[in-house]
There are 2 protein chains.
Amino acid sequence: MPQNHVDYLFVHGWLVTMDSQLNVYTDGAIAVKDDAIIAVGPTAELEAGYTAGTVIDCTDCIISPGLVNAHTHAPMTLLRGLADDLRLDVWLYGYMMPVEREFVDHNFCYTGTLLACAEMIRSGITTFCDMYYNEAEVARATAKAGMRAILGQTILKFPSPDASNYDESLEYCRNFIEAWLEHPLVIPAVAPHAAYTATPDMIKSCVALATEYDVPLHIHIAETALEQKNSVAQFDTTVVPWLDQYNLFNAKVIAAHCVHLEETEMRTLHRHNTGVAHCPSSNLKLASGVAPVQKMVDLGLHVGIGTDGPASNNDLDMFEETRLASFLQKGIFADPTLLPARQTWALATIEGARALHIDHLTGSLEPGKRADIAVIAADSTHQLPRFTRDPEAVYSQLVYATKATDVRHVMVNGQMLMQDRNLLTINEAGIIADARQIAAQIDAFLTAREDNLLSKLLAITADFIPQETYEIQVKICLSQPVNLDAMLAKAGLSPFRTSIRKQYDTYFFFDDPEAGRLRFREDEVKRSQADEVPAETFYRMTLMGPSSERNFENSIVLSRSRFNATAGHTRRFYREYFRPAAIRDVVKSRQRCHVVYKDKDFAINLDQLEDANQVYLEIKSRTWSAKDAALKAELIGELLGIFGFDQQNQLKVEYVDLTE
Amino acid sequence: MPQNHVDYLFVHGWLVTMDSQLNVYTDGAIAVKDDAIIAVGPTAELEAGYTAGTVIDCTDCIISPGLVNAHTHAPMTLLRGLADDLRLDVWLYGYMMPVEREFVDHNFCYTGTLLACAEMIRSGITTFCDMYYNEAEVARATAKAGMRAILGQTILKFPSPDASNYDESLEYCRNFIEAWLEHPLVIPAVAPHAAYTATPDMIKSCVALATEYDVPLHIHIAETALEQKNSVAQFDTTVVPWLDQYNLFNAKVIAAHCVHLEETEMRTLHRHNTGVAHCPSSNLKLASGVAPVQKMVDLGLHVGIGTDGPASNNDLDMFEETRLASFLQKGIFADPTLLPARQTWALATIEGARALHIDHLTGSLEPGKRADIAVIAADSTHQLPRFTRDPEAVYSQLVYATKATDVRHVMVNGQMLMQDRNLLTINEAGIIADARQIAAQIDAFLTAREDNLLSKLLAITADFIPQETYEIQVKICLSQPVNLDAMLAKAGLSPFRTSIRKQYDTYFFFDDPEAGRLRFREDEVKRSQADEVPAETFYRMTLMGPSSERNFENSIVLSRSRFNATAGHTRRFYREYFRPAAIRDVVKSRQRCHVVYKDKDFAINLDQLEDANQVYLEIKSRTWSAKDAALKAELIGELLGIFGFDQQNQLKVEYVDLTE
């Protein structure tokens, strides 16, 4: 055989090709020239056929296709460990989104991606599929690191950290695609975030853009049961058919998660050759569930494995994901023969490449494909001993006993990115220093916010408004029921803005009384006694600063800061977000009206506290002026006289403090 | 403060004490003298108070209590990756038990334990709880490695690799306890394997032994749903109440797995202060399910985390287990706030020590406890950046982003076992060489066995018997039904051993015809036509070697090896164990009798094949002698003549080949 000269010859490895025959060579070799694999086979054969600029001895190592991380958000390395063990909404709306709004800029995306690439190369990943903001910066970092990637620019129906609307995002995405379309490593993509964050118009524009340039379209699909439930409630159909209406699957789609697909939806994806990215760690950590991977694979779908972003994982370790993918199918679908090691390793490599629509480039070690190679030590204590009886044993060793830290060398596109665990394209110490700096800023931002209930509320609330500083109030404990209308008529007062309410109040108390207290109110309002059901229900969040009191003869004046906003989240959300030291509930039925007395507006409430067989009459007013407050305190005394109430039945505390 | 001299001072670490206040020191130190922790606190304070023989700088590291591996079978490192992706019975009866029967001796247990200790020390484990055979050898290796351990000698109701009966095991166990009771690191224990492998008498003896010496009792409980189901079927009660009858929980019990406990069973365990060892990887890999850990913890049970044996994991990585324990509770019980990082780290350390009944010795870093310490790098790329806002962040970093390979130093009982990832007490290369040698022998044993159906069958079958070499048979395809009794009476023959059978035969075929074929027969037998249901059902496994044929005028003589045994497993078991290239089923109704003709015994069968509207008469005999076979072939011809059958209706193949 004539000796051909190549750039690299990897020799004497246990070579796992993942080609269509799943050929394995126990003493195998690969020849690499430029960006491509020239030959694969027994070492003796390749040594006879090729001379090489560099020979890499892989004795006691496995040579495998580099791993394909089918779904991640690379820059989120910078948010790793920022907020854990939280419910999805608290995590997302309370931490991720406020921090992203504040910090996600070009530098964040570039630095975060380089940190991610360092970690991914270290764990044998050669290709990843990303979805984030400022994706051109992600591309710049990826190209610098020398990794192969599909990089999806996120499109959302609402404002995002890099765009004030989706027209801007689409325009950015078009420019991004044009700039990177011919790059040898980076494949730009369109990434509408998910069905529930899209409009039909937005979806159609994304599909048009992806098909115009023949680039992939990356999207989250059916990550949670709630997503499917909401889709059915709103559109009378699950997510895949809803997206299918707008021809989403005509694009080269990569669907992340797919935890809660119906079988018909799987068939739709299969018919359109949609790739699936299974993210087992993230789906457990965020309590989304376990995707039926074996079923999807059996239906013929191409399923890859992804780490998801490091804020929900918290690392980018494909060995962990691969092992977990296999274990979960066995343990949750109650059959230890599901996703055997060989099939699972295929998901992590060639099937991942198929799911990303780039198996003509990568995913297996075959002549003609790009040289994307991981050399993995196979002689660590935790991997030994090794049995050779069963040719499947190499897959078992890879999936069940090998760690990311066993990866020794990594090559992408013919370029060595890591040799003997030294990164060759990334200044790791420099990137870590940059990452620490950004993390310190985020830390300071959140620390300041967390120390202050108002700023913590502002971080998650759009319409917060400050209220009047002074509240003048008196409560009378009634010894017998009163007819409010009759009482007011007798006093010559005309009630207006009358309503019947049921108010469910939850108060959050904190260790530091200076922090103030929060009230979450669910306020069911009937316009009149005749209404059978409430006409409206309001959800309000109120922050009450600590109050200083001034007692008048017949009333009390409270002076304090007070902020009020529509509560956009649930009571449970606020509880988990604020983690109060104590919680107390007050439920009452309230008959409410306003009256004008001597040109001043007073609210008059007849309150029946639940769990207390007691009715209270409350007279209340608010103002910005101390002088006005004093005047109103006097007027409340006059009103009490007109109504004929005794002073000794006055109650000068709030209901919630009464129940203490 | 006067300067006290200590042996070691660990300084400048992020110190996670896991004490009752869960104190964390961001710049913390520990002073160690002899085997004990003398002081824990801020570095400045300890540096002022102590001088040390050795000062270990833990800058950029976390100092944590060493991890507690609450359940393993250490010597099974030597079976790592031997057989994976199999159903539990095939894995256990087909591979683990035959190999253990053949290979588990003193050297196996000593070598396997040292390999396990090397791996465990490398991943920060300082204490483990074991259950295996020849436990004195496990103890010898553990003491050599310098690890702390509870070592349970396995007791089984049937013969085990180290005893022919449980009296022997109990005697061995008593000697083992007496020899090791005073050891500073090894705590001997009694380990009845499980309820389903015990007799009441055996349980009572184990409890008596454990309480006599006040040593722990280690047992598997409710690992699978089947175990609970079988217990209810057999004893009309689930496993815990069954064991409770024999006062098992009066001992200091460590219950491994507990995947399928009812709440009342959890309460029983709680009442008796039984420790639980949760093994998430193993329970997934063997498809047992997910234990309700959060529920057990909330009920007050002390739950530790275990790797289980490396044959069902396949490693001894407590970081993997800990992360998985948290993720599974969140993902499977649909709440991301379950088992938060801090609580999970407690399970891996102090709660593990409580579950093992040794929290007075280990599990937390407090003055007076033994110095069992892991120093873990906290500045790896995959762990960064780090946020300090939330004091819980150190737990999140440990549980969600740290790998076993980040462990840098390990100390047990005041002795350094690993420094800068170098093992100090174990000759790792030597042990690996020993392990490879044993693995090669196992490989050779299994390879030989797998190449040969007979030895593969013998490995899982107790009562296999060789049958006669020659089978003489003829089958007549009947054009019209016959009355067998009438036909024999007319011929002057007296039938005996008559029966009516329904035979469900499954044939396994292999690629190599020289391998022979296997038949699994379910044989329902009625003693007479009058029986409504079968009197008995036999399950038989038959191995038929390739046959050479000799045709006689009226019959065929087959000569071949043939082995027959009671089938102790299911049809499914044999299919998965032998992995045949093809499977064919034959179902038939058989009227059977024997007759004596000219002093020779012949079986006469009237067979109705299912799925073939055809009845066959079969005459058959077997012998060890070629000469006798030829004679019987002649006699069969005579019988056919007496019965009046034509030669052209003869069928000279087996039914299974007919259906080909």
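Being a predicted model, the structure only gives us computed values, none of them experimental.

Each value, and the rule that gives it
Numbers given to residues run from 1 along each chain, matching the order in which its sequence is written. Chain letters and ligand numbers both follow the written order, the letters beginning at A and the numbers at 1. With pLDDT at 70 or above as the cut-off, local features in this predicted model cover only qualifying residues; side-chain atom pairs require 80 or more to be listed or tallied, and sums for whole chains, interfaces and linings still use all residues. Only heavy atoms go into the side-chain values, all of them from the structure, while hydrogens and water stay out. Least squares is the method used to superpose the copies, on C-alpha atoms of residues holding a pLDDT of at least 70 in both. Two residues form a contact once any of their heavy atoms are found within 4.5 Å. Centres within 6.5 Å are what make two rings of Phe, Tyr or Trp a pair, Trp counting through its six-membered ring; a difference in plane orientation under 30 degrees is then read as stacked, over 60 as edge-to-face, and the rest as tilted. We count a stretch as a helix when DSSP gives it H or I for four or more residues in a row; a strand needs E for two or more, and each element gets its number in order from the N terminus. In this scheme, a residue with accessible area under 20% of its type's maximum is buried, one over 50% is exposed, and one in between is partly exposed, where area comes from a 1.4 Å probe on protein chains only. Charges are assigned to positions over rings by a cutoff of 6 Å between ring centre and Lys NZ or Arg CZ, combined with an angular limit of 35 degrees from the ring normal. Each domain's limits were defined by an automated method or a database of domain assignments. Defined in terms of a 1.4 Å probe, buried area is the accessible area two parts forfeit on being brought together, summed over both. Whenever Lys or Arg places a side-chain nitrogen within 4 Å of a carboxyl oxygen from Asp or Glu, that contact is recorded as a salt bridge. Residues adjacent in sequence count toward polar contacts only when both atoms are side-chain atoms; beyond that, a polar contact is any pair of N or O atoms within 3.5 Å, and within protein one must be able to donate a hydrogen and the other to accept it. In this count, Pro and Cys sit with the nonpolar residues alongside Ala, Val, Leu, Ile, Met, Phe, Trp and Tyr, while Asp, Glu, Lys and Arg are called charged and the others, Gly among them, polar. Think of a 1 Å grid over the protein atoms and nothing else: a 1.4 Å probe that fits but is trapped marks a cavity, an open set flanked by protein within 12 Å on at least five of seven lines marks a pocket, and residues with an atom within 4 Å of a point count as lining. Grid points are joined across faces, edges and corners, and a volume is the space filled by probe spheres set on the points. Two strands pair if DSSP finds at least two bridges between them. Working convention: axes come from line fits to C-alpha atoms, limited for helices to the stretch in contact. Angles between N-to-C directions cover 0 to 180 degrees. Note on terminology: angles under 35 degrees are roughly parallel, angles over 145 are roughly antiparallel, angles of 65 to 115 are roughly perpendicular, and the others are oblique. Nonpolar cores were defined as sets of buried Ala, Val, Leu, Ile, Met, Phe, Trp, Tyr and Cys residues, with membership established by side-chain atoms within 4.5 Å.

**Some remarks on the relation of the copies chain A and chain B**
- Once chain A is rotated about the relating axis by 179 degrees and shifted along it by 0.1 Å, it coincides with chain B to within an RMSD of 0.4 Å. Such a combination of rotation and displacement between the chain copies is what one expects of a two-fold axis. In terms of C-alpha distance to the rotation axis, chain A has Thr405(A) as its closest residue, with the C-alpha 3.5 Å off the axis.
- When the interface residues of chain A are mapped onto chain B, 100% of them are again interface residues, pointing to one common binding face.

**Considering the packing of aromatic side chains**
All names here are of chain A.
- For the structure shown, the criterion picks out 32 aromatic pairs over all chains.
- Here the aromatic rings of phenylalanine 327 and tyrosine 400 are separated by 5.6 Å at their centres, their planes lie at 20 degrees, and the arrangement is stacked. Of this pair, phenylalanine 327 sits in helix α12 (residues 318–332) while tyrosine 400 sits in helix α15 (residues 393–401), placing them 73 residues apart in sequence.
- Exposure remark for tyrosine 400: the relative accessible area of 1% places this residue in the buried category.
- Consider the rings of tyrosine 616 and tyrosine 655, whose centres lie 5.3 Å apart with planes at 55 degrees: the pair is tilted. Residue tyrosine 616 is located in strand β28 (residues 615–623), and its partner tyrosine 655 is located in helix α21 (residues 655–658); the two are separated by 39 residues in the primary sequence. Tyrosine 655 matches tyrosine 616 in its accessibility class, with the two residues each being buried.
- Note that arginine 140 overlies the ring of tyrosine 110, its terminal NZ or CZ placed 4.2 Å from the centroid.

**Overview of helix α13 (residues 341–348) of chain A**
- For α13(A), the buried fraction is high: six of the eight residues fall into the buried class.
- Among the residues making up α13(A), those that are buried are Ala341(A), Thr344(A), Trp345(A), Ala346(A), Leu347(A) and Ala348(A).

**A few points about the domain arrangement of chain A**
Residues and elements named next belong to chain A.
- Its domain assignment divides chain A into domain 1 (1–65 + 364–419), domain 2 (67–362) and domain 3 (463–658).
- Taken over C-alpha atoms, the centre of domain 2 sits 49 Å from the centre of domain 3.
- On the side of domain 3, six residues touch domain 2, which itself brings seven residues to the contact.
- Summed over both partners, the interface of domain 2 with domain 3 buries about 650 Å², with 55% contributed by carbon and sulfur atoms.
- Area buried by domain 2 at its contact with domain 3 is led by Arg87, Asp89 and Val90, which between them contribute 58% of it.
- Note that arginine 87 is salt-bridged to glutamate 576, the shortest N-O span being 2.4 Å.
- Where domain 2 meets domain 3, there are one residue pair in polar contact (both at pLDDT 80 or more).
- Among the residues forming the side of domain 2 that touches domain 3, the class breakdown is four nonpolar, one polar and two charged.

**Describing empty space enclosed by the protein**
- Scanning the model with the defined rule gives six cavities of 30 Å³ or more in all.
- Considering the residues around the largest cavity, the lining is formed by 16 residues, among which Asp317(A), Glu320(A), Lys403(A), Asp317(B) and Glu320(B) are closest to the centre.
- Looking at the lining of the largest cavity, the elements that each hand over two or more residues are α12 of chain A together with α12 (318–332) of chain B.

**Digging into the environment of His360(A)**
Residues and elements named next belong to chain A.
- Assignment of secondary structure puts histidine 360 in the loop between α14 (350–355) and β14 (373–377).
- Among the residues examined, histidine 360 registers a relative accessible area of 56% and is labelled exposed.
- On a C-alpha basis, the gap between histidine 360 and aspartate 646 in space is 89 Å, while along the polypeptide they are 286 residues apart.

**A word on the side chain of His257(B)**
- In this fold, His257(B) is placed in strand β11 (residues 252–257).
- A polar contact is formed between the side chain of His257(B) and the side chain of Asn283(B), at a distance of 3.1 Å.

**Structural notes on the interface of chain A and chain B**
- Taken together, the contact pairs 73 residues of chain A with 73 residues of chain B.
- Taken over both partners, the interface formed by chain A and chain B buries close to 5,800 Å², and the fraction arising from carbon and sulfur atoms is 57%.
- Counting the contacts that link chain A with chain B gives 14 salt bridges.
- Between Lys330(B) and Asp85(A) there is a salt bridge, and its shortest N-O distance comes to 2.6 Å.
- The tally of links from chain A across to chain B stands at 39 residue pairs in polar contact (both at pLDDT 80 or more).
- Counting residues per element, the ones that place at least two in the side of chain A that touches chain B are α2 (88–103), α3 (106–122), α10 (280–285), α12, α15 and α16 (428–450) of chain A.
- Per element, the largest residue contribution to the side of chain A that touches chain B is ten residues, and it comes from α16(A).
- Here the residues of the side of chain A that touches chain B are counted per class, giving 33 nonpolar, 16 polar and 24 charged.

**Brief notes about the pairing of strand β8 (residues 148–155) of chain B**
Residue and element names in this part refer to chain B.
- In terms of residue burial, β8 counts as a mostly covered element, since eight of its eight residues are buried.
- Residues of β8 alternate between two faces, with Arg148, Ile150, Gly152 and Thr154 on one and Ala149, Leu151, Gln153 and Ile155 on the opposite face, all of them buried.
- As paired strands, strand β7 (residues 125–132) and β8 are joined by six bridges and run parallel to one another. Its bridge partner lying in β8, phenylalanine 128 is registered against alanine 149.

**Describing the packing of helix α5 (residues 166–180) of chain A against helix α6 (residues 200–213) of chain A**
Residue and element names in this part refer to chain A.
- α6 packs onto α5 with a crossing angle of 10 degrees between their chain directions and a minimal axis gap of 11 Å. Taken together, α5 and α6 sit at an angle that is classed as roughly parallel. Together, Tyr166, Leu170, Cys173, Arg174, Ile177 and Glu178 of α5 and Asp201, Met202, Ser205, Cys206, Leu209, Glu212 and Tyr213 of α6 make up the contact between the two elements.
- The class makeup of the residues in the contact of α5 with α6 is eight nonpolar, one polar and four charged.

**Brief notes about the environment of Gly644(B)**
- Of note, Gly644(B) is situated in the loop between α20 (626–643) and β29 (650–651).
- Note: C-alpha distance between Gly644(B) and Met487(B) (157 residues apart in sequence) is 9.7 Å.

**Quick look at the nonpolar core**
- Residues Ile221(A) and Ile221(B) are the most contacted members of the largest nonpolar core, which totals 296 residues.
- Setting aside chain neighbours within four positions, we find Ile221(B) in contact with Glu227(B), Val239(B), Val240(B), Leu243(B), Phe249(B), Ala255(B), Ala256(B), His257(B), Cys258(B), Val259(B) and Leu261(B).

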